[in-house]
Each structure stands twice: as structure tokens, then as C-alpha cells.
Amino acid sequence: PTDTKHIVDDPDVLLVHVTYFNRLMWDNNNTPTHVIEHGVMETGIEYSGEKARGIVVINNLPSRGRLLGFDLFKEVQKHVPIDLVGMGTGEHGLGEVLHPDLPRFISRYRFFFNPIRYTSLGLAVCEAMMLGIPVVGMATTELTTVINNGVNGFIHTDISVLIDNMRMLLNDKTLAAEVGRRGKETAQQRFNIRRFASDW
């Protein structure tokens, strides 16, 4: 920003980032930094993937536009069945699902799509992985350090490749469950709430 009064530049303050990508990309100036990655709760809800559709969870996606991948969501929607939930989704989505109800709601979907280009790592992605839902997303920001492509999820910078991955998951429920299981293992190791609390 050009307004320098909003820039953190204080050697007596510790600036804590939730991703290494954020620490790398922010201009932290002379402020010391530390990274404490996200921590999410295990809900005890099991992934079923019974619904042969994808799910996107982003509040106000239509008004947030390209930054959060509204154009990518609309492109994917032309090729595979996919739903959007969140506040302010308007005619493009199913509306808000309250956070306590969200895990059970999305656990029935075959895969979770994260179209966001620039947000470093959304909590919704971590929560989906913790449920065992296979994640498909853009190979950008911190997600590239979380998803091992084709192993515990799918990432790419070519949306057509991701659409092919989505079709594969829709056509092979067993594969979806296996990819989701590996993603859950990653989430349990990296984003468990005990590690998060211990780090703090």
C-alpha cells in the first residue's frame, strides 16, 4: 500500500503468518516473523462421496470475482456437475450452509474444488481434507506444498487438466476414496488442532 501508516515495520512485534507463502510474499520489513500453520478439528464425520458432484465452499464468490476464481467455477460448471455453497452465492449457488452443518453436508460430495488463485490456503480446503474429501485445486500459492499431485489430491494450472481429474473422480468412486484417504492423512499430520495449539 502507498499509505505507509498501515505497513508493519516494528522489530519489537512478532508477525505470525498461517502459511510460508504469506511470509514469503508479504513485505515484512524489519518485523520478525514466524509461521504457525492452520489447525482444524476432526469432526468424526466420514466421507461417503455418494453424490457424484463436486462442491465449492466460498462466501460471496460472485462478488469477489476473478481473485477467488469465479470465472474458473463457471468454466468447470459447463463440463462437470458442481455446486457452490456460501453466503452471497446468489443464483450461482445453493446459499449458506451453517458451519456446524457444513462437514456432514459436503462429506457426501465426490470431490472438493478450490478455484482460488491467490488466497494462500483456505481453511475450507484443510477442513475438506480432514474429512477425507479429495481436493482438486489450482497449483498456486501454498496448496502446492500440501497436495502431491495425483497422490493426495489434484493440482494444476491448466483448468482443462483439472476438469479431466474431476471426471475421473466422478467415474471412479474407489479412486476418489483412496485419494481422499491420503489427503486426510496429510491433514491429520499437518493441520491437526493439537499441533496448532502446541505451536502457539
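Report on the accompanying structure. None of the values given here were measured: they were computed from a predicted structure.

## Topic: the overall build of the protein chain
And step 1. Along the backbone of the protein chain there are nine helices and seven strands.
And step 2. Over its C-alpha trace the protein chain gives a radius of gyration of 17 Å, about what one expects of a compact globule, namely 16 Å for 200 residues.
And step 3. Dimensions along the principal axes, computed over C-alpha positions, put the protein chain at roughly 55 × 35 × 30 Å.
And step 4. Relative to its full complement of 200 residues, the protein chain shows a buried share of 46%.
And step 5. Across the protein chain, contacts joining residues at least 24 apart in sequence account for 62% of those joining residues at least 6 apart.
And step 6. Charge centroids of the protein chain, computed over 20 positive and 23 negative side chains, lie 6 Å from each other.

## Describing the pattern of salt bridges
One side chain can pair with another of opposite charge once the charged atoms of both are near each other.
And step 1. Taken as a whole and judged by the stated rule, the model has 10 salt bridges.
And step 2. For Glu142, the salt bridge is made with Arg190, and the minimal N-O distance between the two is 3.3 Å. Here Glu142 is found in the loop between strand E6 (135-138) and helix H6 (143-146), whereas its partner Arg190 is found in helix H8 (residues 173-190), with 48 residues between them in sequence.
And step 3. Note on Arg190: relative accessible area 19%, which makes it buried.
And step 4. Each of Glu178, Arg181, Arg182 and Glu185 takes part in a single network of salt bridges with overlapping partners.

## Observations concerning a negative patch on the surface
And step 1. On the surface, a cluster of negative charge is contributed by Asp9, Asp10, Asp12 and Asp27.
And step 2. Within the secondary structure, Asp10 is located in the segment before strand E1 (15-17).

## Side note on the packing of aromatic side chains
And step 1. Tallied over the entire structure, the rule returns two aromatic pairs.
And step 2. Considering the side-chain rings of Phe105 and Tyr109, the 5.8 Å spacing of their centres and the 40° angle between planes classify their relative orientation as tilted.
And step 3. The buried category is assigned to Tyr109, whose relative accessible area is 0%.
And step 4. A ring pair is formed by Phe196 and Trp200, whose centres lie 6.5 Å apart and whose planes are at 70°; its orientation type is edge-to-face.
And step 5. Given the relative accessible area of 26%, Phe196 is considered partly exposed.
And step 6. Take Trp200: its relative accessible area is 60%, and that puts it in the exposed class.
And step 7. Lying over the aromatic face of Phe105, Arg108 brings its terminal NZ or CZ to 5.5 Å of the ring centre.

## Looking at the packing of helix H5 (residues 123-131) against H8
And step 1. Direction vectors running N to C along H5 and H8 enclose 120°, while the axes themselves pass 7 Å from each other. Of the two possible hands of crossing, H5 and H8 adopt the one that is left-handed. Of the residues in H8, those in contact with Cys126, Met129, Met130 and Leu131 of H5 are Gly183, Lys184, Thr186, Ala187 and Gln188.
And step 2. A class-by-class count of the residues in the contact of H5 with H8 yields five nonpolar, three polar and one charged.

## Looking at empty space enclosed by the protein
And step 1. Scanning the model with the defined rule gives one cavity of 30 Å³ or more in all.
And step 2. The volume enclosed by the largest cavity comes to roughly 60 Å³.
And step 3. Lining the largest cavity are Asn114, Ile116, Thr119, Ser120, Leu121, Gly122, Val125, Met138, Thr140, Thr141 and Leu143.
And step 4. Classifying every residue of the lining of the largest cavity gives five nonpolar, six polar and no charged.

## Comments concerning the pairing of strand E4 (residues 82-85)
And step 1. Here E4 shows a buried face lined by Ile82 and Leu84 and a second buried face lined by Asp83 and Val85.
And step 2. Relative to E4, strand E3 (residues 51-57) runs parallel, the two being bridged by four bridges. The residue of E4 that forms the bridge with Gly54 is Ile82.

Rules and cut-offs
Residues numbered from 1 in each chain as written. Predicted model: local features only at pLDDT ≥ 70, side-chain atom pairs only at ≥ 80, totals over all residues. Heavy atoms only, no water. Helix = DSSP H or I, 4+ residues; strand = E, 2+ residues; numbered from the N terminus. Rg over C-alpha atoms; globule rule 2.2 N^0.38 Å. Buried < 20%, exposed > 50% of the residue type's maximum accessible area, 1.4 Å probe, protein only. Contact = heavy atoms within 4.5 Å. Lys, Arg positive; Asp, Glu negative; His and termini not counted. Charge placed at Lys NZ, Arg CZ, Asp CG, Glu CD. Salt bridge = Lys/Arg side-chain N within 4 Å of Asp/Glu carboxyl O. Patch = residues over 30% accessible without salt bridge, like charges linked within 9 Å, V, L, I, M, F, W, Y side chains within 5 Å. Areas by Shrake-Rupley, 256 points an atom, 1.4 Å probe, with all protein chains shown as cover. Phe/Tyr/Trp six-rings, centres within 6.5 Å; stacked < 30°, edge-to-face > 60°. Lys NZ or Arg CZ within 6 Å of the ring centre and 35° of its normal. Axes fitted to C-alpha atoms, helices over the stretch in contact; angles between N-to-C directions. Left-handed = near helix turned anticlockwise from the far one by under 90°. Nonpolar A, V, L, I, M, F, W, Y, C, P; charged D, E, K, R; others polar. 1 Å grid on protein atoms, 1.4 Å probe; cavity = no way out; pocket = protein on both sides within 12 Å on 5 of 7 lines; lining within 4 Å. Points joined across faces, edges and corners; volume = space filled by probe spheres on them. Pairing = 2+ DSSP bridges.

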